[in-house]
Amino acid sequence: MNNDDLIVLLKDLQALPKESEWVEFKINNSNPEKIGQYISALSNSACYHQKKYAYLVFGIEDTSHRLKGTNFIPSKKKKGSQELENWIATQLNPRIDFNIYEFEYEGMKFSIFRIEPTRNTPVSFKGVAYIRIGSYTKKLDDHPEKERKIWTKANKYRYESELALKKVTDKELLGLLDYKSYLLIRYHTSNY
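Model, not experiment: these values are computed from the prediction. (Residues numbered from 1 in each chain as written. Predicted model: local features only at pLDDT ≥ 70, side-chain atom pairs only at ≥ 80, totals over all residues. Heavy atoms only, no water.)

Okay, the packing of helix H2 (residues 32–48) against helix H3 (residues 84–91) next. Following both chains from N to C, one finds H2 and H3 inclined at 55 degrees, their axes separated by 10 Å at the closest point. Our classification of the angle between H2 and H3 gives oblique. Between H2 and H3 lies a crossing whose hand is right-handed. Together, Pro32, Glu33, Ile35, Gly36 and Ile39 of H2 and Leu84, Trp87 and Ile88 of H3 make up the contact between the two elements. Among the residues making up the contact of H2 with H3, the classes are represented as 6 nonpolar, 1 polar and 1 charged. (Axes fitted to C-alpha atoms, helices over the stretch in contact; angles between N-to-C directions. Helix = DSSP H or I, 4+ residues; strand = E, 2+ residues; numbered from the N terminus. Parallel < 35°, antiparallel > 145°, perpendicular 65-115°, else oblique. Left-handed = near helix turned anticlockwise from the far one by under 90°. Contact = heavy atoms within 4.5 Å. Nonpolar A, V, L, I, M, F, W, Y, C, P; charged D, E, K, R; others polar.)

Printed below as a string of structure tokens:
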């Protein structure tokens, strides 16, 4: 995502009426354990609610939704001797994908964790699965009806229906495809 895309995403998330089960706002809470729990909860909740992504946003005040900025820079944070992102990823099971974006807007710093929903298996952090109930992070074990629904969610993700690249010119697209081989094979097979 480029800086313009991140600013649009930030404004879209800020415009939500409140935090949700798939969006959490923070200012500077950089506790690695809490971040891992949030990622587990947000991924599980995004699956439960069939959202494409969940978001953990640093720099938006959760009560007022005012842009405050953050002094939390995930790429500079470590847990022990490991970078934060790597440490969190190794504590998740299954290891879902998440991206961390750091950027500036109107002279303030922001960090957005974009988290993929789990696929049919609840995500646990350090052996414990979490879920969002409203704007609260809770243990998934305490909500068996939600856990059961995550386990039974039909996998609606289809690789074939997803975009491989966005904003690609015709020339760039043709450079990525081996269309000449395809056309050559079509030509030879049509002559039989």
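Glancing now at the nonpolar core. Where a protein is soluble and globular, its nonpolar side chains tend to be buried together. One finds Ile35, Ile39, Phe113 and Ile115 to be the most contacted residues of the largest nonpolar core, which totals 22 residues. Going through the elements one at a time, H2, strand E2 (54–58), H3, strand E6 (98–105) and strand E7 (108–115) are the ones with two or more residues in this core. It is H2 that contributes the most residues to this core, 6 residues altogether. If near-sequence neighbours (up to four positions away) are discounted, isoleucine 35 is found in contact with Asn29, Ser30, Leu56, Phe58, Phe72, Leu84, Ile88 and Phe113. The next biggest cluster of nonpolar side chains, apart from the first, holds 17 residues, and it includes Leu10, Tyr55, Leu67 and Tyr101. (Core = buried A, V, L, I, M, F, W, Y, C linked by side-chain atoms within 4.5 Å. Buried < 20%, exposed > 50% of the residue type's maximum accessible area, 1.4 Å probe, protein only.)

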